[in-house]
Amino acid sequence: MIINNRLSRVCALGVLLGISLAASAREQATQASAEIRRTGFGVPHIRASDERGLGYGIGYAYAQDNMCLLANEVVTVNGERARYFGPEQATLEERNNLASDVFFHWLNTPQAVAAFWKAQSPQIQQRIEGYVAGYNRYLQERGAPAQCQGDWVRPLVAEDLVKLTRRLLVEGGVGQFAEALVGATPPQASASVQPDAKAFALAAAQQQRFSLDRGSNAVAVGQERSFNGRGMLLANPHFPWVGGMRFYEMHLTIPGQLDVMGAALPGLPVINIGFNQRVAWTHTVDTSKHFTLYRLTLDPNDATRYLLDGKSIALDKTSVAVKVKQADGSLKEVNHTLYSSQFGPVVQWPGKLDWDRRYAFSLRDANLGNDRVLQQWYAMNQAGSVKALQTSVQSLQGIPWVNTLAADDQGQSLYMNLSVVPNVSAAKLAQCSDPRAGLQMIVLDGARSACAWDIDPKAAQPGIFAADQLPQLLRSDYVQHSNDSAWLANPQAPLSGFSPVISQERIGLSPRARFALQRLHSLGSRPINAADLRNMVMDNEVYLAGQVMPDLLEFCANHLATDAQTLQPLCDSLKTWDRHANLDSGVGLVHFINLMEHLQQTPDAWRVAFDPSQPLTTPRGVAIERPAVAKAVREAMLASAADVAKRGLTSTSTWGDVQVSGQIPIHGGPQELGIYNAMQSVPRSDAKREVISGSSYLQIVTFDDHGPHAEGVLAFSQSSNPASPYFKDQTEAFSKKTLSPLPFTDAQIQADPHYRQQVIKE
């Protein structure tokens with residue numbers, strides 16, 4: 001809740017001052033030190049004797065590579081973008097600065113930040129304090145890089161990392177409704193900040209892209225299918241290539257206590273996806289609901305009051321003050337009023353969630369109560385087996401909005417959908433939601449307290465499902481996942497019977513999941529090895545091409561009619577295309593992308609519709625014999641021919657000429673086509689497409705008697721600083737499909753030809 005009176009503000013500031021003083025006392029008592037050993041591609045292997053020292057090394061190394069990135073995100077989560085950059089500019093996510101600032105002032109109140117900090121273990125607090133000290137040391141030594149010099153780049157405090165973590169928590173919930181929260185205004189009232197139609201259009205597009213930009217693939221192989229009887233893991237997260245969700249590769253060691261390597265998100269002093277001596281794990285964005293909406297029935301006499309069990313209750317009103325830079329450089333304070341019910345903040349989305357005289361809508365995000373997220377990854381980093389990792393997640397329930405897949409050196413493979421999910425049973429859905437709204441967005445009746453989330457005493461926080469009510473599958477053959485429900489993580493053991501809020505069954509699989517299951521099945525009974533997992537990503541097969549190309553080529557051969565001359569070059573390119581998304585794949589891929597984008601919006605385009613009894617092979621085929629579908633195919637072909645000509649592509653153009661990162665050609669393509677190496681790219685002014693998200697930290701881990709053997713690549717490279725030697729080196733390696741061994745033991749690290757060492761002390 002936002003502070004409303006001066007006394008509360010003084011109290012909150014006192015709490016934060018207490019935090020800072022306590023941190024300062026610890027700093028004086030313990031001088032931090034760390035050893036940073038860099039190997040190929042600048043990957044830091046950070047070793048320290050204690051938690052504070054480890055955090056010190058992480059913060060220093062991260063500042064070396066990504067100071068500007070982190071400084072920008074800190075300004076964002078502190079709600080200070082309008083202060084430094086003006087109200088009309090936008091964040092990396094294209095959100096208006098002023099609206100962003102109002103949202104983050106609401107999210108990261110002094111009380112919420114202090115409560116989160118207080119809930120952390122001493123180990124997490126020490127690591128965060130060390131991180132802050134390490135970052136600040138590097139800033140003091142070197143100053144800000146050229147691209148981010150300004151008074152907005154300042155030393156960090158521990159609260160900054162708390163705010164970054166809280167932003168991560170709500171990515172799968174209220175963070176997608178920032179414009180709707182800021183724009184919520186009573187009927188016929190005016191607001192100081194009111195997002196326009198363009199802002200809501202961008203927000204809607206970002207909601208639809210959430211799983212695309214943060215999707216993932218994962219395969220965990222158990223002893224029955226593994227080449228050596230031990231576990232294997234493929235981690236293939238698809239995350240943004242820029243901004244606050246950009247992974248960072250590192251190796252963390254406290255001798256005798258911790259030894260873990262992998263990737264972490266900005267500002268987090270733990271490994272999010274990685275491996276240690278005995279277990280490897282990864283995450284995929286889940287389909288569970290992490291928030292629900294509540295439709296409030298308003299008091300007919302006052303649209304700022306709502307009825308609950310027949311009683312009229314006033315909406316809470318809170319004021320947020322944002323400092324805004326003016327044209328002359330001076331600062332002006334803008335005050336904005338936000339509203340909330342007991343279910344959560346009021347949100348207003350024109351045409352979707354309107355606030356009129358009858359109804360308004362509140363949003364309740366389960367992860368706002370999740371203060372366990374850092375402790376969760378801290379525990380996972382130290383897990384000695386799949387079972388220990390599973391137990392830690394069952395106990396803490398700190399995973400915010402992703403599934404977890406893992407494998408260990410004993411040959412176990414595990415799938416878990418143990419994220420933070422509102423406790424809304426199927427029965428409660430039937431009683432409290434409007435079935436006409438469907439299940440895409442859950443809207444409950446806010447006029448009845450009986451429709452509040454249920455409380456399970458076994459759950460880690462009130463209002464969420466307990467771990468024993470969520471999908472889990474331990475196998476000795478394999479589990480896989482590609483952002484579908486939990487249903488067919490392994491088709492031999494379907495996961496069913498859960499509340500639709502958790503997981504749905506008997507619904508169509510994504511083309512990526514169908515590709516993965518087909519590929520695993522095609523290997524027959526022979527053992528799976530690391531090359532098989534690598535090829536699933538790197539051979540760039542376009543799965544849907546096998547499902548529809550025969551019909552498209554049939555149309556080309558017999559149905560072009562008067563458009564034959566115009567469409568023959570397109571048909572020739574489809575015929576000669578290799579049905580992959582490699583750099584040398586022909587322009588037929590561009591046409592195929594255009595055609596499928598059109599056909600996937602065409603009703604009844606599939607020849608064989610989805611059949612729940614045949615989920616691995618349906619839908620398939622294009623029903624070109626149906627006049628409406630044939631018309632859609634013709635229109636799509638004509639549009640694609642015109643598009644390709646406009647972009648200056650020819651019969652000799654390749655995919656490497658089209659999709660790039662800067663000037664580096666990038667393979668892979670749209671996940672909607674069943675390309676496992678999913679890439680999201682956007683048009684540039686030069687007719688190329690710039691990659692903005694997709695395969696990010698690719699990791700393949702196997703085990704033997706000596707421990708883990710890992711290979712991988714960080715597709716967008718380690719540093720976001722163009723002046724760094726690590727700005728594009730891994731991107732070039734990824735373009736060449738090169739995965740490199742990940743040095744893990746001391747001997748491997750010291751034998752690396754690029755090895756160098758730095759020791760830092762406070």
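If you check an unreviewed UniProt entry, the protein chain appears there as Acyl-homoserine-lactone acylase from Pseudomonas rhodesiae.

Chemist: Looking at this model, I keep getting lost on the overall build of the protein chain. Mind explaining?
Modeler: Secondary structure summary: the protein chain contains 20 helices and 30 strands in total. Its C-alpha atoms put the protein chain at 80 × 75 × 55 Å along the principal axes. A burial count over the protein chain gives 60% of its 762 residues as buried. Sequence separation of at least 24 residues holds for 69% of the intrachain contacts in the protein chain that already meet a minimum separation of 6. Per element, the accessible surface of the protein chain, about 29,100 Å² overall, is 51% carbon and sulfur. Charged side chains of the protein chain number 67 positive and 71 negative; the gap between the two group centres comes to 3 Å.

Chemist: Where do I start with empty space enclosed by the protein in this structure?
Modeler: Space left empty within the atom packing is revealed by a probe, the size of a water molecule, rolled over the atoms. On inspection of all chains with the given rule, the structure shows four cavities of 30 Å³ or more. By volume, the largest cavity is sized at about 110 Å³. The wall of the largest cavity is formed by 14 residues, among which F239, L265, H283, W377 and V402 lie closest to the centre. Partitioned by chemical class, the residues of the lining of the largest cavity number 11 nonpolar, three polar and no charged.

Chemist: Looking at this structure, how should I read the sheet that holds strand 5 (residues 248–254)?
Modeler: Within a sheet, neighbouring strands are paired by backbone hydrogen bonds and run either parallel or antiparallel to one another. Taken together, 10 strands build an open sheet; the order of strands is 19-17-16-8-7-6-5-2-1-30 and the sheet is mixed. Edge positions in the open sheet fall to strand 19 (472–475) and strand 30 (756–761), since each of these has one partner strand only. Taken over all neighbouring pairs, the strand axes of this sheet differ in orientation by 15° on average, direction set aside. For strand 1 (residues 33–38) and strand 30, the ladder comprises six bridges, and the chain directions are antiparallel. Bridge pairing in strand 30 links S33 to K761. The sheet strands contacting helix 2 (residues 51–77) are strand 1, strand 2 (44–47), strand 5, strand 6 (258–264) and strand 30, and the helix crosses strand 1 at an angle near 45°. Contacting strand 6, strand 7 (273–276), strand 8 (279–285) and strand 16 (402–408), helix 10 (residues 373–381) crosses the sheet at an angle of about 145° to strand 8.

Chemist: Help me out: how do you make sense of the packing of helix 15 (residues 543–558) against helix 17 (residues 588–599) in this one?
Modeler: Two measures define how a pair of helices packs: the angle their axes make with one another and the distance between the axes. At a closest axis distance of 12 Å, the pairing of helix 15 and helix 17 adopts a crossing angle of 90°. On the basis of their axis angle, the class for helix 15 and helix 17 is roughly perpendicular. Here helix 15 contributes L544, A545, V548, M549 and L552 to the contact with helix 17, which in turn contributes F592, L595, M596 and L599. When the residues that make up the contact of helix 15 with helix 17 are grouped by side-chain class, the tally is nine nonpolar, no polar and no charged.

Chemist: What's the story with the UniProt feature "active site" (unreviewed entry) in the protein chain in this structure? I'm lost.
Modeler: Here the UniProt feature "active site" (unreviewed entry) sits at S216. With residues near it in sequence (within four places) discarded, S216 still touches N236, P237, H238, F239, H283, T284, V285, H481, S482, N483 and R512.

Chemist: Just to check I follow, could you spell out helix 15 for this structure?
Modeler: Working note: α-helix, 3.6 residues per turn, so residues spaced by three or four point in the same direction. Along helix 15, the sharpest kink reaches roughly 50°, centred on M549 and followed within four residues by the proline P550. Along helix 15, the residues that are buried comprise Y543, L544, A545, Q547, V548, M549, D551, L552, F555 and C556. On its buried side, helix 15 packs onto helix 13 (511–522), helix 16 (564–576), helix 17, strand 21 (606–608), strand 22 (620–622) and helix 18 (627–646).

Chemist: Mind showing me how you'd approach the nonpolar core here?
Modeler: Judged by nonpolar contacts, the single largest core of 237 residues is most densely connected at F103, L389 and F592. Top element by residues in this core is helix 2. It accounts for 15 residues. Here F103 is in contact with V170, V174, G175, A178, L181 and V182, once residues within four sequence places are set aside.

Chemist: I keep staring at the pattern of salt bridges and nothing clicks. Help me out?
Modeler: A side chain of one charge can pair with a side chain of the opposite charge if their charged atoms are brought near each other. The tally for this structure, following the rule as stated, stands at 27 salt bridges. In this structure, the salt-bridge partner of R534 is E711, at a minimum N-O distance of 2.8 Å. Taken together, the positions of R534 in helix 14 (residues 530–538) and E711 in strand 28 (residues 707–714) put the pair 177 residues apart, joining distant regions of the chain. According to the relative accessible area criterion, R534 is partly exposed, its value standing at 25%.

Chemist: Before we go on, may I ask you to explain the environment of M380 in this structure?
Modeler: Inspection of the secondary structure assignment puts M380 in helix 10. The sequence separation of M380 and C148 amounts to 232 residues, and the corresponding C-alpha distance is 35 Å. When neighbours within four sequence positions are excluded, M380 is seen to be in contact with N276, W281, H283, L389, S392, V393, I399 and T404.

Chemist: Would you explain the confidence of the model for the protein chain in this entry?
Modeler: Interpreting fine coordinate detail is not advised for predicted regions of low pLDDT. Here the protein chain shows a mean pLDDT of 94. Residues at 70 or above account for 96%. Confidence drops under a pLDDT of 50 for residues 1–29, and excluding neighbours within four residues, the segment shows 34 contacts in the predicted structure.

Chemist: What am I meant to see in the packing of aromatic side chains here?
Modeler: Centre-to-centre distance and the angle between the planes together describe a pair of aromatic rings. Counted by the stated rule, this structure contains 14 aromatic pairs. With centroids separated by 5.1 Å and ring planes inclined at 80°, the aromatic side chains of F103 and F104 adopt a geometry described as edge-to-face. For F103, a relative accessible area of 1% translates into the label buried. Given a relative accessible area of 5%, F104 falls into the buried group. Aromatic side chains F275 and F744 sit 5.3 Å apart centroid to centroid with 45° between the ring planes, which places their arrangement in the tilted category. Taken as a pair, F275 in strand 7 and F744 in the loop between strand 29 (740–741) and helix 20 (746–751) lie far apart in primary sequence, 469 residues in all. Since its relative accessible area comes to 0%, F275 is described here as buried. A relative accessible area of 3% places F744 in the buried class. Members of the aromatic cluster, connected to one another through ring pairs, are F103, F104 and W106. Taking the ring centre of W349 as reference, the NZ or CZ of K352 above it sits at 4.1 Å.

Cut-offs used in this document
- Per chain, residue numbering runs from 1 following the sequence as it is written.
- Only residues with pLDDT of at least 70 are given local features in this predicted model, and only at 80 or more are side-chain atom pairs given and counted; all residues enter the totals for whole chains, interfaces and linings.
- Excluded from the side-chain calculation are hydrogens and water; included are all heavy atoms of the structure.
- Strands here are runs of E lasting at least two residues and helices are runs of H or I lasting at least four, both read from the DSSP assignment and numbered beginning at the N terminus.
- Buried, partly exposed and exposed residues are distinguished by accessible area as a fraction of the type maximum, computed with a 1.4 Å probe on protein chains only: under 20%, between the cut-offs, and over 50%, respectively.
- Throughout, a contact is declared for two residues whenever any of their heavy atoms are within 4.5 Å.
- Residue-level accessible areas treat just the shown protein chains as cover; the underlying method is Shrake-Rupley with a 1.4 Å probe.
- Two residue types count as positive, namely Lys and Arg, and two as negative, namely Asp and Glu; His and chain ends fall outside the count.
- Charge placement uses NZ in Lys and CZ in Arg. For Asp and Glu, CG and CD serve respectively.
- Definitions used throughout: a 1 Å grid over protein atoms alone; a cavity as a set of points that fits a 1.4 Å probe which cannot get out; a pocket as an open set with protein on both sides within 12 Å along at least five of seven lines; a lining residue as one with an atom within 4 Å of a point.
- Grid points are joined across faces, edges and corners, and a volume is the space filled by probe spheres set on the points.
- Residue type decides the class: Asp, Glu, Lys and Arg count as charged, Ala, Val, Leu, Ile, Met, Phe, Trp, Tyr, Cys and Pro as nonpolar, and the leftover types, Gly among them, as polar.
- For two strands to be treated as a pair, DSSP must find no fewer than two bridges joining them.
- Under this scheme, a helix contributes an axis fitted over its contacting stretch, all axes are lines through C-alpha atoms, and angles between N-to-C directions fall in the 0 to 180 degree range.
- Each angle is binned into one of four classes, with values under 35 degrees roughly parallel, values over 145 roughly antiparallel, values of 65 to 115 roughly perpendicular, and all other values oblique.
- UniProt positions are given in the numbering used here, feature names are shortened, and annotations may be inferred rather than shown by experiment.
- In this scheme, the bend at a residue equals the angle between the axes fitted to the seven residues that finish there and the seven that begin there.
- Buried residues of nine kinds, namely Ala, Val, Leu, Ile, Met, Phe, Trp, Tyr and Cys, make up a nonpolar core once their side-chain atoms join them within 4.5 Å.
- Put simply, a salt bridge is a Lys or Arg side-chain nitrogen that is within 4 Å of an Asp or Glu carboxyl oxygen.
- The quantity known as pLDDT measures the predictor's confidence residue by residue, on a range of 0 to 100.
- Side-chain rings of Phe, Tyr and Trp (the six-membered ring for Trp) are treated as a pair once their centres are within 6.5 Å; stacked means planes under 30 degrees apart, edge-to-face means over 60, and tilted covers the remaining angles.
- Placement of a charge over a ring requires the Lys NZ or Arg CZ to be within 6 Å of the ring centre, with the centre-to-atom vector within 35 degrees of the ring normal.

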